[in-house]
Amino acid sequence: MSERFRHEALFYGDRTEFLAGTVPFITAGIAEREPVLVVESRQKIDLLRDALGGQAEAVLFADMAQVGANPARIIPAWQDFVSERGAEGRRLRGIGEPIWNGRTPDELVECQRHESLLNVAFGDGQPWWLLCPYDTSQLDDEVLHEALRSHEYVMDARSNSTDSTVFRGIEGSGAPFDRPMRDLAPGSRGIAYDSETLLQMRRAVARFATSAGCGADRAKQLVTAVNEVATNSIIHGEGQGTLRMWRDGDAVIAELHDTGRYRSPLADRARPGASPGDPRGLWLANHICDLVQIRTFEHGTVVRLHMKVDPLHQLHVVSSAAN
Amino acid sequence: MGIGDRPAGYRSAGGFLIEDLFATSQREGPVYADRHLVVTRTNNPPGLRFAGEIDITNSDAVAQSVRQAIADSGDPHLDLSRLSFCDISGIRALVEMAMGLDGGRTMLLHGLPKQLQEVMRVTGWSGLPSLVLCTCSGEAE
């Protein structure tokens, strides 16, 4: 393999093609004594364990539904793998399938951004090979085309690798993300916040989250995440911003808009170091929220925080209504 | 903003009256007080009790006052059971205070709300040698 990070899409159309692409990739890694981590759905992990037989013992598996529920948590997981298992520049292999039919439209967009940001996070680092399976029978053509933009190489089910002619490059992968976000129903009035009104803003978030069906813990968590993003507005965004909130499906969405700009494309997924001064707000928001969407425009930044309302709370509402 | 600007009967998210705390702290002299937070001394164990909220608007001022209050010898005990909100800047202030303690002293946090424990874990601030989470029950006096 090459002497740098190799980010490769694997296009497969069915279970046979999936195994034909992944199993030789894994066994070649085992033969080279390279650490191998597979982040896949439970079903695919079972499939691979069966196909690998005894060789599965040499492979690390993780459930993508847990690791990548919020796709911004996947890069830190790969970074842990590379730093823990790849001492002294040791080569490694990974398989990660963050995009499947069933991702919500918002999740899909953030997964696509994640695929591009992998190039930024690892492009200049130590050599390792990440294979990202895409199910061509389930995914739209636009999704497959975007995979060609975010991956430098593409592999078919016969393990033939070719260069992607439309790869956007490492620099292009980290360009400010300004893709418009999904339109939400009008109706939420904007709440302006600054350092004088931060506490009232927290009260408003708590009230909205509770009335939308969040339990006390989730409401508190959303308050914490919103407060950290608002704090960034106060420090970096000319001291103020505007908050809007929606109940959207099974989630609450809080959107914060200010005139600041995040400089680093990895700002929200860079693990804080030991220094107390390291930024931690966006990192925390990504570990609290189900999804965080960040858009950087010429004149400002928009952050959407998604928090699912408690399933238990919803059940409670249903049962009390039935009574 | 000074403590005289508080609205009368202001009730914090913790459910107790800031008025009461204010009266107590006035007798003993509060270490720190603003619209959202009162920090008072406790005698047993010797330390400080935080009641209210810490965010970017007061974390620097709180840190300055508290650092002076715990400058004497001994391990400072901080009772945080009535801290109804604390953002990352507030936790950062506590961490920096603990890291700045001289002579092998240790800062002990009592009653740290579960959610703040989780925030400290996620943000990589658990396991600092000079900052100990105390899980003993009972409030400071």
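Residues numbered from 1 in each chain as written. Chains lettered and ligands numbered in written order. Predicted model: local features only at pLDDT ≥ 70, side-chain atom pairs only at ≥ 80, totals over all residues. Heavy atoms only, no water.

Novice: Can you help me understand the interface of chain B and chain A in this one?
Specialist: Much of the literature gives interface size as the accessible area that the parts lose upon coming together. Contacts between the two partners involve 23 residues from chain B, matched on the other side by 25 residues from chain A. Here chain B and chain A share an interface that buries about 2000 Å² over both sides, 57% of which is from carbon and sulfur atoms. At the boundary of chain B with chain A, the tally comes to four salt bridges. The salt bridge partner of Arg203(A) is Glu53(B), with a shortest N-O separation of 2.5 Å. When contributions to the side of chain B that touches chain A are tallied by element, the ones reaching two or more residues are strand 4 (77–86), helix 3 (88–99) and helix 4 (114–122) of chain B. Per-element tally for the side of chain B that touches chain A: the top contributor is helix 3 of chain B, with five residues. (Contact = heavy atoms within 4.5 Å. Buried area = accessible area lost by both parts, 1.4 Å probe. Salt bridge = Lys/Arg side-chain N within 4 Å of Asp/Glu carboxyl O. Helix = DSSP H or I, 4+ residues; strand = E, 2+ residues; numbered from the N terminus.)

Novice: I keep staring at empty space enclosed by the protein and nothing clicks. Help me out?
Specialist: Rolled over the atoms, a probe with the dimensions of a water molecule shows which regions are left empty. Residue and element names in this part refer to chain A. The final tally for this structure, using the stated rule, is four cavities of 30 Å³ or more. As for the largest cavity, its lining consists of Arg4, Phe5, His7, Asn119, Gly123, Glu152, Phe167 and Ile170. Per-class residue counts for the lining of the largest cavity are three nonpolar, three polar and two charged. (1 Å grid on protein atoms, 1.4 Å probe; cavity = no way out; pocket = protein on both sides within 12 Å on 5 of 7 lines; lining within 4 Å. Points joined across faces, edges and corners; volume = space filled by probe spheres on them. Nonpolar A, V, L, I, M, F, W, Y, C, P; charged D, E, K, R; others polar.)

Novice: I keep staring at the sheet that holds strand 4 (residues 92–96) of chain A and nothing clicks. Help me out?
Specialist: The strands making up a sheet associate through backbone hydrogen bonding, with each pair oriented either parallel or antiparallel. Residue and element names in this part refer to chain A. If you trace the seven strands from one edge of the open sheet to the other, you get 3-2-4-5-1-6-7, paired in mixed fashion. Both outer strands of the open sheet, strand 3 (59–63) and strand 7 (161–163), are each paired with one neighbouring strand and no more. On average, each strand axis in the sheet is inclined to that of its neighbour by 20 degrees, with strand direction left out of account. Looking at chain direction, strand 2 (residues 36–40) and strand 3 are connected through five bridges and run parallel. Bridge pairing in strand 3 places Val36 opposite Val59. Helix 1 (residues 15–31) contacts strand 1 (6–12), strand 2, strand 3, strand 4, strand 5 (128–135) and strand 6 (153–155) of the sheet and is inclined by roughly 160 degrees relative to strand 4. Most of the contacts of helix 2 (residues 42–52) go to strand 3, to which it runs at about 160 degrees, and overall it touches strand 1, strand 2 and strand 3. (Pairing = 2+ DSSP bridges. Axes fitted to C-alpha atoms, helices over the stretch in contact; angles between N-to-C directions.)

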